[in-house]
Amino acid sequence: MKIIVLMKQVPDTETKIQVKPGETAISTDGVTFVINPYDEFAIEEALRIKEAKGGDVTLITLGWDKAAEALRTGLAMGADKAVHLNDPAFLTNDAHSIALALSKTLKKLQYDLILCGKQAIDYDNHQIGVRVAEMLGIPHVAVVTKLVLEDGKAVAHREIEGGTEVVETPLPAIITCQKGLNEPRYASLKGIMQAKKKPLEAKKVADVDASPGEVGQAGAKTVVLTLTMPPDRAAGKVVEGEPEDAARQVVKLLREEAKVI
Amino acid sequence: MDFAFTKEQLMFKQEVIRFAEKEIVPRVREHDLKEEFDFESFRKLGEFGILGLHFPEDLGGSGADVITTVLASEALGEAGVDGGLTLSLGAHTFLCADTIYRHGTDEQRKKYVPKLASGEWIGCMGLTEPNAGSDVASLKARAEKKGDAYVLNGNKMFITNGPIADVAVVYAKTNPELKHAGISAFIIEKGTPGFSAGPNLIKMGVRTSQTSELIMNDCVIPAQNLLGEEGEGFNMSMQTVEWDRSALLAPFVGAAQYMLKRCATYANEREQFGRPIGKFQAVKHKLANIRIFVEAARTLVYRTAWCKDQGRALNHLEAAVAKLFLGDWSLVPTNDGVVLHGGYGYCHEYDMERIFRDGRLGPIGGGTSDIQKMIISKLM
């Protein structure tokens, strides 16, 4: 079974995000980068399927030079090869452009199953898996917490409001992964040493038959106008007194000051 | 001189930190308070492969070099793992499993090393006795050969992992007439009649490691449990010194680095007199003190490890300097870390007092600072 994982390098979840005035992207100064946690579920699921049914796992990412580190980590976890869309002309935060670049790359590859995180934790677009599926004309199931593969089809459990939906889809399909799907493994020393020798191929815009005008910032359908930090939370108000009076006061404040009731 | 690490070494160090922060550190405070060994964490260390990094793959290891092994040990401390768990790991891997690996027969290696590398079994090493500490050659434990067996009698003291070990490497005299040359090493398994451990000793620091007396009372073991040849024991125990001075000390360097990170964060966030306390010179100097200690200690430990990787004969002088420096010179910077946090530093929840307590083992365990000075002055 040929499995492809779409993944992204994102700032570590512990990073204190900073935005410089006038900039439309977060500051990368002093930031450590990791594999997007939801993509880790995708990698782990791919590896488990490979271990159970055989096959190989290919990782694809689009990003700057440094993103190769995330691919190496994925290879160290056990993936077989990696493709890095590494060209300044690819770089953007626009979901359409990125999905287009990825789908053009995928069109030249063979796959039975494509996995990716349900969202990246940096810009939280939630769009890549779904858009790529549309562009490739294959089905997708999003926000999946359990995946069972049978002959030529997949049964996926997905989280919905207040319950679980069980969906069957023919393969190939795209599955976007949610927390709870599995517990991702750590890269062992052995895995890290083996990853050194695994193929990591860098691709430019021309390599995926894209024209510079349709991918990257040039092909973006959205433009970030401004990026600002959320305002500091104002200090709360403590209402004192006997419970009955206090409750009366709270209701009054909610009605007259907060204007929520 | 090349001070650079390979990409893979650095990547592995980061992965160890990530693993430890998520899987082990959340459990540290509770176990330290209760003075309990964390079996769950030890099992996880085994699964992740840290207990047998430097052993060959066919014995359950990863074939790592010494520097990588040292980086992994350092990373555990840097992530915030307590000195008790890392000491247990050190006694287990470097004092017990490594001695069997280095001096054991093929049969002994196959029987014990994989089980120790995976963490299925816990190992300990018994050298020190109630009346033989620094003067280790004066040890009194006796091993008498009777037919196909040895009969062991005597007591071992301050044995890390003593109460929880499944297998022990124990040193005893096969020839009491001789001093060093009369010492031999034996493998004793838990449950052997006549072999028992005392209760856990309550300690100032490294509290999650369990420490006890080992008691041998007409303990009969098969003759094939002798490690190496009779009389080689003392040299074997001395060979563990390189590990002792590098991989076993490295977590304490890591812990100081962890302390430094926590202090820097605190100094930036804590405000007094209308500004972060990090703006005050007195606080800056404390941070600098810790940093200086970390840099110097780390270099000494790496150098010991590098010598071992190069296959050089151990430079006892450098190893002794590293051991002494970590033990004695950590007193002021680890105290600074506590004081910088004020009242919070004195409280368990902030980890600072624990790192201070853990570090106090440094001038005592594995050869006291006075003994290190004796070695250093002798070699000048």
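Being a predicted model, the structure only gives us computed values, none of them experimental. (Residues numbered from 1 in each chain as written. Chains lettered and ligands numbered in written order. Predicted model: local features only at pLDDT ≥ 70, side-chain atom pairs only at ≥ 80, totals over all residues. Heavy atoms only, no water.)

(A) View of the overall build of chain B. When helices and strands are tallied, chain B shows 15 helices and 10 strands. Its C-alpha atoms give chain B a radius of gyration of 21 Å, near enough to 21 Å, the size a compact globule of 380 residues would have. For the C-alpha atoms alone, the extent of chain B along its principal axes is close to 80 × 45 × 40 Å. Split into buried and exposed, the 380 residues of chain B put 57% on the buried side. In chain B, once contacts between residues fewer than 6 apart in sequence are set aside, the share between residues at least 24 apart is 76%. Summing over all exposed atoms, chain B offers an accessible surface of approximately 16500 Å²; the carbon and sulfur share of this is 54%. (Helix = DSSP H or I, 4+ residues; strand = E, 2+ residues; numbered from the N terminus. Rg over C-alpha atoms; globule rule 2.2 N^0.38 Å. Buried < 20%, exposed > 50% of the residue type's maximum accessible area, 1.4 Å probe, protein only. Contact = heavy atoms within 4.5 Å. Areas by Shrake-Rupley, 256 points an atom, 1.4 Å probe, with all protein chains shown as cover.)

(B) View of the side chain of B:Thr334. All names here are of chain B. As for its placement among the helices and strands, threonine 334 is situated in helix H12 (residues 331–340). Within the local environment of threonine 334, its side chain forms a polar contact with the backbone oxygen of leucine 331, the two atoms lying 3.4 Å apart. Ignoring any residue separated from it by four or fewer positions in sequence, one finds threonine 334 in contact with Met259, Ile355, Phe356 and Arg360. (Polar contact = N/O pair within 3.5 Å; in protein donor to acceptor, adjacent residues only side chain to side chain.)

(C) Highlighting the interface of chain A and chain B. With 14 residues of chain A in contact, the opposing surface of chain B contributes 14 residues. Interface area lost by chain A to chain B is led by A:Tyr186, A:Leu189 and A:Ile192, which between them contribute 54%. The tally of links between chain A and chain B comes to three salt bridges. Between A:Glu183 and B:Lys22 there is a salt bridge, and its shortest N-O distance comes to 3.8 Å. Viewed at the interface, chain B and chain A are joined by three residue pairs in polar contact (both at pLDDT 80 or more). If you list the elements that add at least two residues to the side of chain A that touches chain B, you get helix H2 (67–77) and helix H5 (189–195) of chain A. Here the side of chain A that touches chain B takes four residues from H5(A), the largest share from any one element. Residues belonging to the side of chain A that touches chain B are distributed by class as follows: six nonpolar, two polar and six charged. (Buried area = accessible area lost by both parts, 1.4 Å probe. Salt bridge = Lys/Arg side-chain N within 4 Å of Asp/Glu carboxyl O. Nonpolar A, V, L, I, M, F, W, Y, C, P; charged D, E, K, R; others polar.)

(D) Representation of the packing of aromatic side chains in the model. All told, the structure shown has 17 aromatic pairs over all chains when counted by the stated rule. Seen from their ring centres, B:Phe19 and B:Phe48 are 4.3 Å apart, and the 10 degrees between their planes marks the pair as stacked. With B:Phe19 in helix H1 (residues 7–23) and B:Phe48 in helix H3 (residues 39–48), this pair connects stretches of sequence that are 29 residues apart. B:Phe48 shares its class with B:Phe19; the two are buried. Between the aromatic rings of B:Tyr266 and B:Tyr344, the centroid separation amounts to 6.4 Å while the plane-to-plane angle is 65 degrees, which identifies the pairing as edge-to-face. In this pair, B:Tyr266 is assigned in helix H9 (residues 250–269) and B:Tyr344 in helix H13 (residues 342–345), connecting sequence segments 78 residues apart. Here a set of aromatic residues connected by ring pairs shows up, and it is made of A:Tyr186, B:Phe12, B:Phe19 and B:Phe48. The ring of A:Tyr38 is capped by A:Lys118, whose NZ or CZ atom sits 4.8 Å from the centre of that ring. (Phe/Tyr/Trp six-rings, centres within 6.5 Å; stacked < 30°, edge-to-face > 60°. Lys NZ or Arg CZ within 6 Å of the ring centre and 35° of its normal.)

(E) Region of the structure containing the domain arrangement of chain B. Residue and element names in this part refer to chain B. By the assigned domains, chain B splits into domain 1 (7–122), domain 2 (124–232) and domain 3 (240–379). Each of domain 2 and domain 3 has a C-alpha centre, and these two points are 31 Å apart. Domain 2 puts five residues into the contact, and the matching count from domain 3 is seven residues. Between domain 2 and domain 3, roughly 540 Å² of surface is buried when both sides are summed, and carbon and sulfur atoms account for 68% of that area. Interface area lost by domain 2 to domain 3 is led by Ser134, Met204 and Val206, which between them contribute 76%. A class-by-class count of the residues in the side of domain 2 that touches domain 3 yields two nonpolar, two polar and one charged. (Domains from an automatic or database assignment.)

(F) Representation of the domain arrangement of chain A within the structure. The domains assigned to chain A are domain 1 (2–219) and domain 2 (231–261). Using C-alpha coordinates to define each centre, domain 1 of chain A is positioned 46 Å away from domain 2 of chain A.

(G) Broad picture of unusual backbone geometry. With omega at 0 degrees, the peptide bond leading from A:Leu171 into A:Pro172 counts as cis. For A:Pro172, the position within the fold is in the loop between strand E9 (163–170) and strand E10 (173–177). In the Ramachandran plot, A:Val143 falls in the positive-phi region, its phi being about 55 degrees despite a non-glycine side chain. Inspection of the secondary structure assignment puts A:Val143 in strand E7 (residues 140–150). At B:Asn161, a position not held by glycine, the phi torsion is positive, near 75 degrees. Of note, B:Asn161 is situated in the loop between strand E3 (149–160) and strand E4 (167–173).

(H) Representation of the sheet that holds strand E1 (residues 2–7) of chain A within the structure. Residue and element names in this part refer to chain A. Spatial ordering of the open sheet is given by E9-E8-E7-E10-E6-E1-E4-E5-E11, a layout of nine strands whose pairing is mixed. Bordering the open sheet on either side are E9 and strand E11 (200–203), each of which pairs with just one other strand. Strand-to-strand twist of the sheet, defined as the mean angle between neighbouring strand axes without regard to direction, takes the value 30 degrees. Pairing of strand E8 (residues 153–160) with E9 involves eight bridges; the strand directions are antiparallel. Paired with alanine 154 across the two strands is threonine 169, which belongs to E9. Its contacts with the sheet place helix H1 (residues 37–53) against E1, strand E4 (56–62), strand E6 (113–117), E7 and E10, and it is angled at close to 170 degrees to E1. (Pairing = 2+ DSSP bridges. Axes fitted to C-alpha atoms, helices over the stretch in contact; angles between N-to-C directions.)

(I) Molecular detail of helix H10 (residues 281–309) of chain B. Under the 1.5 Å per step criterion, the end-to-end length of H10(B) is 41 Å for 29 residues, consistent within 8% with the ideal 42 Å. Remark: B:Gly311 follows H10(B) within two positions and exhibits a positive phi of approximately 75 degrees. (Expected span 1.5 Å × (residues − 1).)

(J) Region of interest: the environment of B:Cys219. All names here are of chain B. Residue placement: cysteine 219 occurs in strand E7 (residues 211–222). C-alpha separation for the pair cysteine 219 and valine 151, spaced 68 residues apart in sequence, amounts to 5.5 Å. Setting aside anything within four residues of it in sequence, one finds cysteine 219 in contact with Tyr150, Val151, Leu152, Ile188, Thr192, Pro193, Gly194 and Phe195.

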